[in-house]
Amino acid sequence: MDGSTNSLDDVSAGSSAEYPDRVSMMEGRLQLQENEIILLKSSLADALRRLRLHDQLIPLLKQQLIAVNPAAARVLNQVFCSDGFSSSRKLSSSSALDGTRHPATSQVGNNIEGENGHYGDNGSLAPMCKPPTYDRDTQTELTPLRQDQGLDRVPLALTSDVQSLSLEDALPKGISLTEGSLAKLHRVQVLEEEDEEVEKDLSWASSVEEPIHPTTIRSLQRVDLQDPNGSTESLSSARQTPISGSPAPPKDLSPSSRGGPLSTILEGQNKPLVRRNSEKLAKDPQEKTKKRLDKKAASSANLLTRSPSLESRTKDLIASAGSPGSRRGTQGQSIKMFIRGRPITMYVPSNIQNYDDLRMEPPVEKLELDWVYGYRGRDCRANLYLLASGEAVYFIACVVVLYHINNRTQRHYSKHTDCVRCLTIHPDKVRVASGQTAGVDKDGKPLQPYVHIWDSATLITLQQIGLGTFERGVGSVAFSFADSGAFLCVIDDSNEHMLSVWDCAKGTKHAEVKSTNEAVFTVEFNPNDSTNIITCGKSHVYFWTLSAGSLTKKQGIFGKYKKPKFIQCFVFSLTGDVLTGDSEGNILTWGKSPGDVKTLGKGAKETFQIMRQTRAHDGSVFTLCMLQGGALLSGGGKDRKIIRWSADLAPERECEIPEQFGAVRCIADVDGEEVLVGTTRNAILRGTFSDGFVAIVQGHVDEMWGLATHPSQDVFLTCGHDRQVCVWNTEEHKLDWCTTLEEYGLCADFCPNGAVVSVGLSTGRWLVLDLQTKDVVSDYTDGNEQLSVMRYSPDGSFLAVGSHDNFIYIYNVTESGRRYSRYGKCNGHSSFITHLDWSKDGKYIMSNSGDYEILYWDIAGGCKLLRNRYESKDREWASYTCVLGFHVMGVWLEGSDGTDINALCRSHNERMVAVADDFCKVHLFQYPCPKPKAPNHSYEGHGSHVTNVRFTHCDSHVLSMGGKDTCILQWRVKRGGTGDSGGDRLQSSSSASTSSPEP
C-alpha cells in the first residue's frame, strides 16, 4: 500500500498544476481508501487476537478442572482404543471476555454417563470398561482402552474420534453448574472437514506463547456456581506463578476473598495441544462458507503467533485505528505521529521521565519586523511615491514599506492579510490607500480583498473600503484631487473589472459600473475635475463621467494613428491634456474635439481624439511622471532610458539605467532634479541625470529557497531561481555583493571558519565561493538531480550534500574549506533528501526525506545506516533544521499533509525554534516542543509560502524568505526576560533538557 501511495503522490505532484481539481479529488479518494484499509486490517488483527486468546484459555480451563478434582485428569485423558491407537479429545471454551462463539476452536461437551449418572465415587474410575454410548453432537463411538497404555501417558488429540465429556464429572459431589455456566463452558462448535489435505494443512500444534494476564484470568473465572440449596458462589482466582515476560499477578488475590472450587492454577501445565477438526458435516451452505473462513482465520492466527514482526505491526494498526481522528499515540517510550496515514515513530529521550507531564508554553521571546528586503516592480505599476516626511512608500508581499531615503530607516504598515497589489497617496501626502489581492486561507477558502486607507504618520488604519465587494483582488486605486481627496476610485480584478467610486470619509460606495473585459492597468481622477475619470489598459483609453451616482464612458478614438496593443500609463499635463505612453514607444496627446456635425449629423457629441504623437522610446513606455514646472519624465522598457521632456514634448536630457537593474517601472519626483526609479528587477534607484543612479533597495526577482547565515558575522546569503547569489549585511541592511550563476541555486551553507560558502544548484552541481574575492574556488557535481541541502560538520572537516537522487554525499574538507575529496555516500532513503543535521561530535547525521522518513547515519563508521533508531534518542545535535523529530513534533498542526512546514531552525542558545510554513506565516516555538498543539507566536508579512528560516549567529535576528513574493524579512528577537529563566521552563514539570537529543 505504501508503494501505491507514493506513486499516486508522485503523479498528483506532477500534474497538480494542470489538473488541480482532478488531483484534489484523487488525493481525497486515496486518503479515504487508506483509512478504510487501516480499519479493516485492525479489525482482522483484533479477530485473530481473540482467536489466539481462546486457544490459550483451553489449557487454563484444564488446569482449573484438575485443581478442583484430581480425578479430572484421568477423565480428561481417558481414551478407549481397540486397535492400539488413541482417540483424541480436546476441551475448549468460548472467551470469557466477549462471550462469542469461535468455530475455529473445536469443543466437546456432553456427559459421559455411568450407571448412576457419573463415573465412580471419590473421583475413581471403574476398573472395567463401561458400555459404549453415543454423543448426540459428534455421533462417535467409545472404544475400550488397553491397560498397558497408562492413563498419564496418553497424548491428546491424535485421531478425530472424539469422546464426549462433561465438566460436571470433574466437580465434587453435590456441586453442579448452573444453566448459564453450562452455556458458557459447554458450547459445542464443530468445523466441517472438507477433505484430508485441507485438514492436514490446517491442523497445527499451538503452545501458549503469550502470557495470560491476571485480568484475563479473573474475567474468565467469574462463573457462578450454585450449591444444592440454591445459593451461588463466584469462581475466584488464586495465586498464579508468573509467566516469563508477563507482569506479576496482584498479591492480594486469595481464595478467602472469592473462594470456590476452581481457585488454583497449577504450574507446569503449559503443554502443547494438537488441534484437529471434528467429523460433523455442515448441511447449511452458508455455515459451510463460514467454517471455511474460520479455518483461514485460524491459520492466520497461527501465523501471527509465529511471526513477532507481523504481530507487532498488527498491534500498531490496532493502536492507530483505536481513535480514527488521532494522529499521535504513545507506546511505552516512543511517540507515534501520523502524516498522510504514514506512522512516524519517535523515541522519548532518557532525560524526560514523564512525557504526559510536559508543559508546553509559548516562548518568552517574541519577534518584531525589523527590515524588509526587496520591492515588487516586476509585475506592478505606479507603486512608488514620496511622502511629505521624506519617506519613499512602496510595497512587497503583504507589507507597505516607508523607507526614509536620507536616514535609511524603515517603518512598516502590516495590516494586510495578503499580497498588496496597488498603492496611491492622498493629495495631503500623508494618507495612503493600498489594495490587496484575495488569496486563500490555510483551508483553501478564499479571503475577501479590500482597500485600506491609513495614516502614514501613525500607521493607523482610518478606513476599510469594499470588504465583500471586490472579486479576486484590487488592481488599481486613485484619490480625487479637485475636492481634496473626498473620493476614492477602485478597479478590481474581476472579469468585468468593476469600476467603483467610494466616499473616503464614510466608507460607502458612491457609484459602480462594469469597465471592460480587457486588462485595466491604471485609473486616475482629472486633477481639475473630480467628475472626470480616465482608465487605460489593453487596446483602450476610456474617459468616464461621474454624474448623479452613475458613470458613463467615452472611448478614445485613435483615428489615423496605429492602435497600440497596450496603453501602459498616462498623466495630465498642466494644460489639461492627457498624455499616454503605449507599447509602441510613443507618447500620445489626447484632446477633446467638438462633434462632427457634417458626418454624424445634428446632435453629434464631443469626442476624445489623438492630437499629437511623439516618438519616445524603443519598446514600451512604462511610466510617465509630471514635474512641478511642467516638464515630463518618461521611462522606457526595452531601452531602459529615462528621458526628460519640456512642456512642449521636446527631449532635453536622458540617461540609461544599468542592465543589471532591468527596465524602468515607475518614477517618483524628489525635488525636481533628484528622482527615485523603480525597476522591473525589483530595485529602487536614487539619483540625477548628471550624477547617475545608485540602488538604495534591491531584491531577488524569482522564487527563493537557499538561505544561510554566517557563523560569526552579521551576514547572510540567499539564492534562488533568478540564478543570483546575494550576500547581505543585517546590521547595515544592505546588499554586500551579488553574483549570477549558470544555474539557479537551491541551498547553501557557510563553512564554520566563515571564509567560504557552498551553494547547491538545480543540476546536481555545487560550488564553493570565496566571500572576499567572490571567486569560485571549487566546483563539483553529484548526480544529475537538484540538491536540496548543504551542511558542514561542526568542526568543518566534513560537508554533507543532500540530493533529490535519495543520496547524501559526504566530503572531506581541507585547506580551510577550499579543497574537497569524496569520503562516502549514505544510501538508504527511499525518497529525496529534504533536511539534515550533524551531531555535536561530528560523527553522526540525522536526515529527513520526502516520504517523511527519519534516518540516522554513522559517518565516522563509514556512512553506515543506524538500524536501531532507539540508540539515537539521546544524541545531541549541533544544529536542528530537520522538520521531523521528537523535539519539534509540536510544530505540526493536526491534519498536516507533510509539506505544510518547509523549514525550521533552532536558535543557537537552544531556547527557540523558528518555523516557516506553507501558509505565509513565520512561527516561533519554545525548544523543545515535543507535544501536539504546542503554543507559539505567529507572524504575518509574507505573501507566499515561506521557504526558509534561519537565526543569525548571535540569535539577535530571525531571517525568513518567501517563495513567489521574492521577499526577505528580517525579524528582531525581543527578549521577554533576563538571564536563563526561559531555558529552564520545562524543569518544573519534567526533566527535559533544552539541548538537542533526538529520537
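Use the structure listed above.
Residues numbered from 1 in each chain as written. Predicted model: local features only at pLDDT ≥ 70, side-chain atom pairs only at ≥ 80, totals over all residues. Heavy atoms only, no water.

**Observations regarding unusual backbone geometry**
Link 1 in the chain: Here the amide bond leading from Tyr 927 into Pro 928 is cis, since omega sits at -5°, within 30 degrees of zero.
Link 2 in the chain: Note that Pro 928 resides in the loop between strand E56 (921–926) and strand E57 (937–940).
Link 3 in the chain: Positive phi, close to 45°, is recorded for Ala 382, a residue that is not glycine.
Link 4 in the chain: In this fold, Ala 382 is placed in the loop between strand E9 (366–373) and strand E10 (385–386).
Link 5 in the chain: Under the relative-accessibility criterion, Ala 382 is labelled partly exposed at 35%.
Link 6 in the chain: The phi dihedral of Glu 910 falls on the positive side, at around 60°, and the residue is not glycine.
Link 7 in the chain: Tracing the backbone through its elements, the reader meets Glu 910 in the loop between strand E54 (901–906) and strand E55 (912–917). (Helix = DSSP H or I, 4+ residues; strand = E, 2+ residues; numbered from the N terminus. Buried < 20%, exposed > 50% of the residue type's maximum accessible area, 1.4 Å probe, protein only.)

**Digging into the side chain of Glu 365**
Link 1 in the chain: Residue position: Glu 365 is located in the loop between strand E8 (342–347) and E9.
Link 2 in the chain: There is a polar contact of 2.8 Å between the side chain of Glu 365 and the side chain of Arg 911. (Polar contact = N/O pair within 3.5 Å; in protein donor to acceptor, adjacent residues only side chain to side chain.)

**Comments concerning the environment of Gly 559**
Link 1 in the chain: Here Gly 559 lies in the loop between strand E25 (550–555) and strand E26 (567–572).
Link 2 in the chain: Owing to a relative accessible area of 62%, Gly 559 belongs among the exposed residues under this scheme.
Link 3 in the chain: Between the C-alpha atom of Gly 559 and that of Gln 609, which follows or precedes it by 50 residues, the distance is 7.3 Å.

**Quick word on the side chain of Ser 480**
Link 1 in the chain: As for its placement among the helices and strands, Ser 480 is situated in the loop between strand E18 (474–479) and strand E19 (487–492).
Link 2 in the chain: Classification of Ser 480 by relative accessible area gives buried; the value is 0%.
Link 3 in the chain: Separated by 3.3 Å, the side chain of Ser 480 and the backbone nitrogen of Ala 486 make a polar contact.
Link 4 in the chain: Residues contacting Ser 480, with those up to four places away along its chain left out, are Pro 427, Gly 485, Ala 486, Phe 487, Phe 525 and Ser 530. (Contact = heavy atoms within 4.5 Å.)

**Thoughts on the sheet that holds strand E39 (residues 715–720)**
Link 1 in the chain: Strand order in the open sheet made by the 4 strands is E38-E39-E40-E41, with antiparallel pairing throughout. Single-partner strands in this sheet number two, and they are strand E38 (704–709) and strand E41 (734–740). Sheet twist, expressed as the mean angle between neighbouring strand axes with direction ignored, is 20°.
Link 2 in the chain: Pairing of E39 with strand E40 (residues 724–729), which is carried by 5 bridges, proceeds in the antiparallel orientation. Note that in E40 the partner of Val 715 across the bridge is Asn 729. (Pairing = 2+ DSSP bridges. Axes fitted to C-alpha atoms, helices over the stretch in contact; angles between N-to-C directions.)

**Describing the layout of surface pockets**
It is the rolling of a water-molecule-sized probe over the atoms that shows where space remains empty.
Link 1 in the chain: Of the voids in this model, the second largest pocket is the one considered here, and its volume is about 1200 Å³.
Link 2 in the chain: Lining the second largest pocket are 42 residues; nearest its centre among them are Tyr 385, Phe 481, Val 571, Cys 625 and Met 626.
Link 3 in the chain: Sorting the residues of the lining of the second largest pocket by element identifies E10, strand E14 (420–425), strand E22 (520–526), E26, strand E30 (621–626) and strand E34 (664–669) as the ones contributing at least two each.
Link 4 in the chain: Grouping the amino acids of the lining of the second largest pocket by side-chain chemistry returns 27 nonpolar, 9 polar and 6 charged. (1 Å grid on protein atoms, 1.4 Å probe; cavity = no way out; pocket = protein on both sides within 12 Å on 5 of 7 lines; lining within 4 Å. Points joined across faces, edges and corners; volume = space filled by probe spheres on them. Nonpolar A, V, L, I, M, F, W, Y, C, P; charged D, E, K, R; others polar.)

**Things to note about the pairing of E9**
Link 1 in the chain: A large share of E9 lies buried, amounting to 6 of its 8 residues.
Link 2 in the chain: In terms of strand pairing, E9 meets strand E60 (residues 968–974) through 7 bridges, oriented antiparallel. Bridged to Lys 366 within E60 is Lys 974.

**Overview of the pattern of salt bridges**
Link 1 in the chain: According to the stated counting rule, one finds 33 salt bridges in the structure shown.
Link 2 in the chain: Taking the shortest distance from any N to any O, the salt bridge between Arg 50 and Asp 46 comes out at 3.5 Å. Taken together, the residues span about one helical turn, with Arg 50 and Asp 46 both in helix H2 (residues 20–68) at a distance of 4 residues.
Link 3 in the chain: Residues Glu 703 and Lys 964 are paired through a salt bridge, measuring 3.4 Å at the closest nitrogen-oxygen approach. (Salt bridge = Lys/Arg side-chain N within 4 Å of Asp/Glu carboxyl O.)

**Comments concerning the nonpolar core**
Link 1 in the chain: Leu 367, Val 372, Leu 384, Tyr 394, Phe 951, Val 958 and Trp 971 are the most contacted members of the largest nonpolar core, which totals 46 residues.
Link 2 in the chain: Filtering out sequence-adjacent residues up to four positions away, Val 372 remains in contact with Ile 396, Val 399, Val 401, Gln 410, His 412, Cys 967, Ile 968 and Leu 969. (Core = buried A, V, L, I, M, F, W, Y, C linked by side-chain atoms within 4.5 Å.)

**Quick word on the packing of aromatic side chains**
Link 1 in the chain: Here the structure, examined in full by the defined rule, presents 26 aromatic pairs.
Link 2 in the chain: A ring pair is formed by Phe 558 and Trp 590, whose centres lie 5.2 Å apart and whose planes are at 80°; its orientation type is edge-to-face. Of the two residues, Phe 558 sits in the loop between E25 and E26 while Trp 590 sits in strand E28 (residues 586–593), which places them 32 residues apart along the sequence. In this structure, Phe 558 and Trp 590 share a single accessibility class: buried.
Link 3 in the chain: For the ring pair Phe 798 and Trp 838, a centre distance of 5.9 Å and an interplane angle of 20° mean the geometry is stacked. Here Phe 798, found in strand E47 (residues 798–803), pairs with Trp 838, found in strand E50 (residues 833–838); they are 40 residues apart in sequence, far enough to count as distant.
Link 4 in the chain: Relative accessible area serves as the criterion here: at 14%, Phe 798 is assigned to the buried category.
Link 5 in the chain: Among the aromatic residues, those joined into a cluster by ring pairs are Phe 543, Phe 558, Trp 590 and Phe 608. (Phe/Tyr/Trp six-rings, centres within 6.5 Å; stacked < 30°, edge-to-face > 60°.)

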